[in-house]
Amino acid sequence: MMNSNQKKTPLYDALKQFADSSPVSFHVPGHENGRIFPDQAREHFGSLLPLDLTELSGLDDLHAPNGMINKAQELAADFFGANHTHFLVGGSTAGNLAMILSTVSAGDKIIVQRNSHKSIFNGLELTGARPIFLSPVFDDSVNRYTAPDIETMRKALKQHPEAKAVMLTYPDYFGKTFEMREIIKLFHEYDIPVLVDEAHGVHFPSSSAFPDSALALGADAVVQSAHKMAPAMTMGAYLHTRTGRISDSRIHHYLQMLQSSSPSYPIMASLDLARSFLANLTAHNLALILESAHQVSNMLDSSDYWDVLWADDPLKITLQVKHGMTGKKIADLFEAQGIYPELSTHTQVLFIHGLAPFDKFNHLKNAVGHIGTQLKNTPNHDIINTNNLFTERLMELDLDYTTMHKLSVTQVPFQQSAGYIAAEAVTPYPPGIPLILKGERITRHHIRILEAFHQQGVHFQHLDINNEINVFQIRRCSK
Ligand SMILES: Cc1ncc(COP(=O)(O)O)c(C=O)c1O
């Protein structure tokens with residue numbers, strides 16, 4: 001039960017009050033409250049720059065908060081149901097790194113969902129921990145990989161009961177959740193802290209129409225990108241802790257290492273405002289938003305060229321494209337009409353409905369009709385099966401991070417790389433999940449899958465599959 005007044009926005013108010021007092025600047029930042037700025041951009045930046053302040057008297061310090069930042073974090077903790085909330089100015093990326101660094105050290109085992117965001121792999125590498133990866137299952141109802149099942153988690157716990165933490169992602173990018181309550185209970189039976197990347201679920205506490213948040217379900221530490229589903233500035237995120245299984249002082253220690261010593265006040269103020277916005281959404285507001293999302297969904301569903309998939313999060317509208325077309329082709333056609341979806345995969349396009357009623361129904365309707373006309377007589381292509389990416393339920397790297405750190409890297413043609421150990425992750429974009437991990441042995445299966453993805457127009461960060469891939473310079477093993 002919330003005790004605080006969630007209308008309050010102490011951080012934003014203090015910045016505004018300071019800016020309104022016409023202060024004379026003899027300090028950084030160099031734009032001097034907006035006085036000095038390139039003329040051509042003044043129109044857009046002008047009103048925000050007076051709030052782009054620094055750790056002046058009365059404006060607190062993110063790395064040692066005891067004033068307005070502390071108050072704003074306490075209000076957030078109360079709303080989200082945390083013991084403590086840390087404001088992040090480096091996105092969920094910084095939060096994921098801090099959660100991992102503060103719970104595991106070199107050689108410690110950590111159980112990790114295999115289809116995680118790259119920040120989680122980077123966190124593992126920074127710690128030198130020993131990850132036990134859980135493969136996700138292919139969910140036919142949404143035609144993609146979602147989360148690992150509870151059986152895989154039981155198996156991991158049986159084999160690795162000494163793991164120091166588990167790192168899960170909930171919901172997925174498309175708003176799909178899983179039985180988090182049971183899973184948290186299971187890990188807590190082993191007294192293992194549950195860390196959750198809830199980058200896409202910051203709005204969950206606002207309404208029972210949304211899934212339960214991981215924090216409400218008992219997770220120990222949760223990261224949320226406020227800038228994804230709430231109206232916060234890009235890079236604004238929260239890291240919440242809830243139980244004594246997590247050390248807040250360790251989290252704090254790592255956050256001050258990972259984040260800038262000059263954190264952006266506009267981003268922090270937007271975190272304060274976004275929390276207040278979420279907390280004050282009324283039942284009436286929410287009914288209008290949900291009705292609007294329903295209408296957008298119905299409008300999109302009026303095409304013969306895709307189906308709309310059901311999602312646990314009603315604000316995530318996913319098109320499953322048909323007739324052998326790729327998600328990218330459909331996304332490109334929408335973009336040509338000035339409508340920008342969040343992402344496309346080889347068979348899906350994700351639209352995100354914001355936390356206010358949509359207001360361009362005619363534009364959307366015309367675009368759907370226009371795209372239908374453009375697609376008439378388009379020849380069908382075969383869709384390549386991609387439901388066989390992960391062959392093992394549990395998987396460990398073939399090289400530990402400490403060894404990788406000491407080895408030299410060389411290049412081999414990707415098509416002939418089977419048997420080598422990858423020195424870089426291969427990640428199709430979007431959705432940004434690594435298919436080959438750094439430290440994983442490349443197999444013929446990987447090569448076949450990536451060729452199939454390539455044919456469908458999927459883009460890989462850092463890799464041209466007709467070119468070379470970075471591998472570790474050690475003896476190759478036949479695979
Ligand atoms: C599941 C997930 N976790 C973490 C992140 C990183 O979030 P941020 O952009 O806030 O750093 C993303 C970004 O897309 C994501 O999809």
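Residues numbered from 1 in each chain as written. Predicted model: local features only at pLDDT ≥ 70, side-chain atom pairs only at ≥ 80, totals over all residues. Heavy atoms only, no water.

Colleague: Quick question: what am I supposed to make of the packing of helix 6 (residues 150-159) against helix 7 (residues 180-189) here?
Modeller: The relative placement of two packed helices is expressed as an angle between their axes plus a distance between the axes. Closest axis-to-axis distance for the helix 6/helix 7 pair is 11 Å, and the angle between their directions is 5°. Judged by the angle between their axes, helix 6 and helix 7 are roughly parallel. In this structure, helix 6 uses Ile-150, Met-153, Arg-154 and Leu-157 to contact helix 7, whose residues at the interface are Glu-182, Ile-183, Leu-186 and Phe-187. Per-class residue counts for the contact of helix 6 with helix 7 are six nonpolar, no polar and two charged. (Axes fitted to C-alpha atoms, helices over the stretch in contact; angles between N-to-C directions. Helix = DSSP H or I, 4+ residues; strand = E, 2+ residues; numbered from the N terminus. Parallel < 35°, antiparallel > 145°, perpendicular 65-115°, else oblique. Contact = heavy atoms within 4.5 Å. Nonpolar A, V, L, I, M, F, W, Y, C, P; charged D, E, K, R; others polar.)

Colleague: For this particular structure, what's the right way to read unusual backbone geometry?
Modeller: Of all residues except glycine, most have a negative phi; of all peptide bonds, most are trans. In this model, Val-28 is joined to Pro-29 through a cis peptide bond whose omega is 0°. As for its placement among the helices and strands, Pro-29 is situated in the loop between helix 1 (10-20) and helix 2 (39-45). That bond from Tyr-170 to Pro-171 is cis: its omega, -5°, falls within 30 degrees of zero. Considering the arrangement of structural elements, one finds Pro-171 in the loop between strand 6 (165-169) and helix 7. Phi at Asp-60 is positive, roughly 60°, even though this residue is not glycine. Structurally, Asp-60 is set in the loop between helix 2 and helix 3 (68-80).

Colleague: What is the right way to look at the packing of aromatic side chains in this model?
Modeller: Any two aromatic rings considered together are summarised by their centre-to-centre distance and by the angle between their planes. Summed over the entire model, instances satisfying the criterion amount to twelve aromatic pairs. Between Phe-79 and Phe-80 the ring centres are 4.8 Å apart and the planes differ by 70°, which places this aromatic pair in the edge-to-face class. The burial state of Phe-79 is the same as that of Phe-80; both residues are buried. Clustering of aromatic rings is evident, with ring pairs tying together Phe-79, Phe-80, Phe-87 and Tyr-238. (Phe/Tyr/Trp six-rings, centres within 6.5 Å; stacked < 30°, edge-to-face > 60°. Buried < 20%, exposed > 50% of the residue type's maximum accessible area, 1.4 Å probe, protein only.)

Colleague: I'm lost on the sheet that holds strand 9 (residues 237-241) in this one. Help?
Modeller: The strands making up a sheet associate through backbone hydrogen bonding, with each pair oriented either parallel or antiparallel. The mixed open sheet is built from eight strands, whose spatial order is 1-9-8-7-6-2-3-14. Sheet topology places strand 1 (84-88) and strand 14 (394-395) at the edges, where each strand pairs with a single neighbour. The pairing of strand 1 with strand 9 spans five bridges and is classified as antiparallel. By the bridge assignment, His-84 is partnered in strand 9 with Thr-241. Each of strand 1, strand 8 (221-225) and strand 9 is contacted by helix 3, which is oriented at about 120° to strand 1, the strand it contacts most. Its contacts with the sheet place helix 4 (residues 91-103) against strand 1, strand 6, strand 7 (194-197), strand 8 and strand 9, and it is angled at close to 165° to strand 8. (Pairing = 2+ DSSP bridges.)

Colleague: Just to check I follow, could you spell out the side chain of His-353 for this structure?
Modeller: Structurally, His-353 is set in the loop between strand 13 (348-352) and helix 13 (361-375). Classification of His-353 as buried rests on a relative accessible area of 5%. Within the local environment of His-353, its side chain forms a polar contact with the backbone nitrogen of Ala-293, the two atoms lying 3.4 Å apart. What His-353 contacts, discounting residues up to four positions off in sequence, is Met-229, Ile-289, Ser-292, Ala-293, Val-296, Leu-315, Ile-317 and Phe-358. (Polar contact = N/O pair within 3.5 Å; in protein donor to acceptor, adjacent residues only side chain to side chain.)

Colleague: Help me understand the environment of Val-28 in this model?
Modeller: Relative to the helices and strands, Val-28 is located in the loop between helix 1 and helix 2. The exposure class of Val-28 is exposed, given its relative accessible area of 57%. On a C-alpha basis, the gap between Val-28 and Thr-54 in space is 7.3 Å, while along the polypeptide they are 26 residues apart.

Colleague: Sorry, what's going on with the site of the ligand here?
Modeller: As a structural note, the neighbourhood of the ligand is formed by 13 residues, with Thr-93, Asp-197, His-200, Ser-225 and His-227 the closest of them. In this structure, His-200 approaches the ligand through a side-chain N or O atom, which is 2.7 Å from an oxygen atom. Within the residue set of the shell around the ligand, elements represented by two or more residues are helix 4 and helix 8 (226-229). Of all the elements, helix 4 adds the most residues to the shell around the ligand, at four residues. For the shell around the ligand, a count of residues per class yields two nonpolar, nine polar and two charged. (Near = heavy atom within 4 Å.)

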